[in-house]
Amino acid sequence: MSLAPGRPLRARFPIFAAMSGQPFHYLDNGATGQIVDVAADALLGFETRSRANVKRGVYGLADAATVAFDKARASMAAFLGAGSSEEIVFTSGTTMALNIVAHGLAGELRPGDRIVSSVLEHHSNIVPWQLVAGPAGAVVRAIPATGEGRLDLDALAAMVDERTRIVSVTHVSNVTGAVSDIARIRALAPDAILVVDGAQRAPHGPLDVQAMGCDFYALSSHKMFGPTGAGVLWGRGERLDALPPFLGGGEMIRRVSFDGTSYARPPHRFEAGTPPIGPVLGMAAAARWLMQQDWSAWAAHEKRLGERLLNGLAAIDGVRVHGPQGLQERLGIVAFEVDGVHAHDVCQMLGDRGVCLRGGHHCAQPLMERFDVAATARASLAPYSDADDVDALLQGLPEVIGRLR
Ligand code: PMP
């Protein structure tokens, strides 16, 4: 049976017991979510009771580790709605996944080709493209953001042309919480390779990458209540088949010789070296747990809390939210600026009261430039967030502003 979102759900997250007895209002889920008990058990169980390397052992312990690793791949395929387990590449996280795609596609780029990213992107969905575009003579262009921090898809419609080879966009902005309309982007750029950064979307429920129509999808375990150090690159079968490897080493080859090396089939071609086995097993446990939850109850809870937060912030003098004003096509990630006060000071003083926020550019400097701010504070919700967390922020903020001004 799944627990109700909010306070009851905290029973499944060890951090809350560890932090009991002190004020703790964790509103930094956009940076990392807390680990769920089944994921922590899977990680620690592997490391302490069943550790052996995968893929190469023939004795019992190694065989069991390989079987568990294969099961994890099947779980992640189910979570993402992938066509098969072979489409799941284990990575260290979203950043590595996006780098595998960018560097893998580099050889296809010709001078004058266009890669379309967006002003809303995390740096990990901008810089890898710049790294590969430069040497190829290709150009990285950015879909602009609307005033309320959404992708401007009318602008995209005008940008796409026959030189547009790749479109790489975020599914959910880590600053404004805006949800991108991936199906419309697919329709606007039918011939481009469509890459989606799902880092902020993954904690909000199982996915259907095939229905979305994208070619590649990236996520991080630590944002979806799994351990740090793991992630997934999903690639449509024929796209992964055609992609050359990015990292070379053990386990990604068919045969190595100084006369020429041939590579393994996907997903192994992209998994050089010993993978993060414990984190992968933990991530898969988190995914299986997420697939059992009541997602309509969780979404309604997040919407209620998001409205409470947005309405509360709107009522505080000198506070300005950067992002959509409502909860339509937007998740509970709320960036705000306080007139005349630096975001770091706001976060530091609220941190002293146990309210955990993030302050800075959120690895999204082009978006900060668009909003004409150096930094913002950001509160980001999770299913274990409750009204007391939001209220601690809303009650503390006016007091902090009074002291800092
Ligand atoms: N994309 C987005 C939208 C993110 O929010 C983040 C993490 N802040 C990343 C990519 C990078 O994820 P990771 O650091 O886990 O590789």
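Keep in mind that this is a model prediction, so the values were computed, not measured. (Residues numbered from 1 in each chain as written. Predicted model: local features only at pLDDT ≥ 70, side-chain atom pairs only at ≥ 80, totals over all residues. Heavy atoms only, no water.)

(A) Fine view of the pattern of salt bridges. If you walk through the whole model with that rule in mind, you get 23 salt bridges. A salt bridge links Arg358 to Asp28; the nearest nitrogen and oxygen atoms lie 2.8 Å apart. With Arg358 in strand S14 (residues 358-360) and Asp28 in the loop between strand S1 (25-26) and helix H2 (37-49), the pair connects residues that are 330 residues apart, well separated along the chain. Since its relative accessible area comes to 40%, Arg358 is described here as partly exposed. (Salt bridge = Lys/Arg side-chain N within 4 Å of Asp/Glu carboxyl O. Helix = DSSP H or I, 4+ residues; strand = E, 2+ residues; numbered from the N terminus. Buried < 20%, exposed > 50% of the residue type's maximum accessible area, 1.4 Å probe, protein only.)

(B) Looking closely at the site of the ligand. Thr94, Thr95, His122, Ser124, Thr170, Asn174, Asp197, Ala199, Gln200, Ser220, His222 and Lys223 make up every residue found near the ligand. Interatomic distance of 3.4 Å between a backbone N/O atom of Thr94 and an oxygen atom of the ligand. The separation between an oxygen atom of the ligand and a polar side-chain atom of Ser220 is 2.7 Å. Burial of the ligand by the protein amounts to 84% of the accessible area it has alone, namely 400 Å². Residues belonging to the shell around the ligand are distributed by class as follows: 1 nonpolar, 9 polar and 2 charged. (Near = heavy atom within 4 Å. Polar contact = N/O pair within 3.5 Å; in protein donor to acceptor, adjacent residues only side chain to side chain. Areas by Shrake-Rupley, 256 points an atom, 1.4 Å probe, with all protein chains shown as cover. Nonpolar A, V, L, I, M, F, W, Y, C, P; charged D, E, K, R; others polar.)

(C) Main features of the nonpolar core. By size, the foremost hydrophobic cluster in this structure holds 70 residues, and its most contacted members are Met76, Phe79, Leu80 and Leu219. Considering every element that reaches this core, the biggest residue donor is helix H10 (residues 277-291), with 9 residues. There are two domains that each give this core at least three residues, and those are domain 1 (7-30 + 295-404) and domain 2 (40-291). One finds Leu27, Leu309, Leu310 and Val321 within the second-largest nonpolar core, a separate group that totals 32 residues. (Core = buried A, V, L, I, M, F, W, Y, C linked by side-chain atoms within 4.5 Å. Domains from an automatic or database assignment.)

(D) Layout of the packing of aromatic side chains. One pass over the full model with this rule turns up 10 aromatic pairs. Here the aromatic rings of Phe16 and Tyr384 are separated by 5.2 Å at their centres, their planes lie at 65°, and the arrangement is edge-to-face. A residue pair is termed long-range when its members are at least 10 positions apart, and Phe16 in helix H1 (residues 14-18) and Tyr384 in the loop between strand S15 (376-380) and helix H14 (387-404) qualify at 368 residues. Grouping residues by exposure puts Phe16 and Tyr384 together as buried. Arranged with centres 5.8 Å apart and planes meeting at 70°, the rings of Phe225 and Tyr384 form a pair that is edge-to-face. Here the residue Phe225 occupies a position in the loop between strand S7 (216-220) and strand S8 (231-235), and Tyr384 occupies one in the loop between S15 and H14, the gap between them amounting to 159 residues. Tyr384 carries the same exposure label as Phe225, and that label is buried. Put simply, the rings of Phe13, Phe16, Phe24, Tyr26, Phe225, Trp289, Trp295, Trp298 and Tyr384 touch in pairs and so form one group of aromatic residues. The ring centre of Phe16 lies 5.1 Å from the NZ or CZ of Arg10, which sits over that ring. (Phe/Tyr/Trp six-rings, centres within 6.5 Å; stacked < 30°, edge-to-face > 60°. Lys NZ or Arg CZ within 6 Å of the ring centre and 35° of its normal.)

(E) Representation of the side chain of Asp197. Turning to its location among the elements, Asp197 is positioned in strand S6 (residues 193-197). Among buried Asp, Glu, Lys and Arg side chains, Asp197 stands out as unpaired, with Lys223 the closest opposite charge at 8.2 Å. Contact partners of Asp197, with chain neighbours within four places excluded, come to Thr94, Leu98, His122, Ser124, Asn125, Val169, Thr170, His171, Val172 and Ala218. (Lys, Arg positive; Asp, Glu negative; His and termini not counted. Contact = heavy atoms within 4.5 Å.)

(F) Spotlight on the packing of helix H3 (residues 60-80) against H10. Interhelical geometry of H3 versus H10 gives an angle of 40° and a closest axis separation of 9 Å. One element, H3, and the other, H10, form an angle in the oblique class. Taken as a pair, H3 and H10 cross one another with a handedness that is left-handed. Listed contacts from H10 to Ala68, Phe69, Lys71, Ala72, Ser75, Met76, Ala78 and Phe79 of H3 are Ile277, Val280, Leu281, Met283, Ala284, Ala287, Arg288, Leu290 and Met291. Grouping the amino acids of the contact of H3 with H10 by side-chain chemistry returns 14 nonpolar, 1 polar and 2 charged. (Axes fitted to C-alpha atoms, helices over the stretch in contact; angles between N-to-C directions. Parallel < 35°, antiparallel > 145°, perpendicular 65-115°, else oblique. Left-handed = near helix turned anticlockwise from the far one by under 90°.)

(G) Spotlight on the sheet that holds strand S3 (residues 114-118). Pairing is mixed in the open sheet, where 7 strands are placed in the order S2-S8-S7-S6-S5-S3-S4. At either margin of the open sheet sits one strand with a lone partner, and together these are strand S2 (88-91) and strand S4 (139-143). Pairs of neighbouring strands in the sheet enclose a mean axial angle of 20°, with direction left out of account. Pairing between S3 and strand S5 (residues 164-170): 3 bridges, direction parallel. Bridge pairing links Ile115 to Ile166 in S5. Packed on one face of the sheet, helix H4 (residues 94-105) meets S2, S5, S6, S7 and S8 and runs near 155° to S7. (Pairing = 2+ DSSP bridges.)

(H) Highlighting the side chain of His171. Relative to the elements of secondary structure, His171 occurs in the loop between S5 and helix H7 (182-188). At 2.8 Å, the side chain of His171 forms a polar contact with the side chain of Tyr217. Setting aside residues up to four positions removed in sequence, His171 forms contacts with Ala178, Val179, Ser180, Ile182, Val196, Asp197, Gly198, Arg201, Leu207, Met212 and Tyr217.

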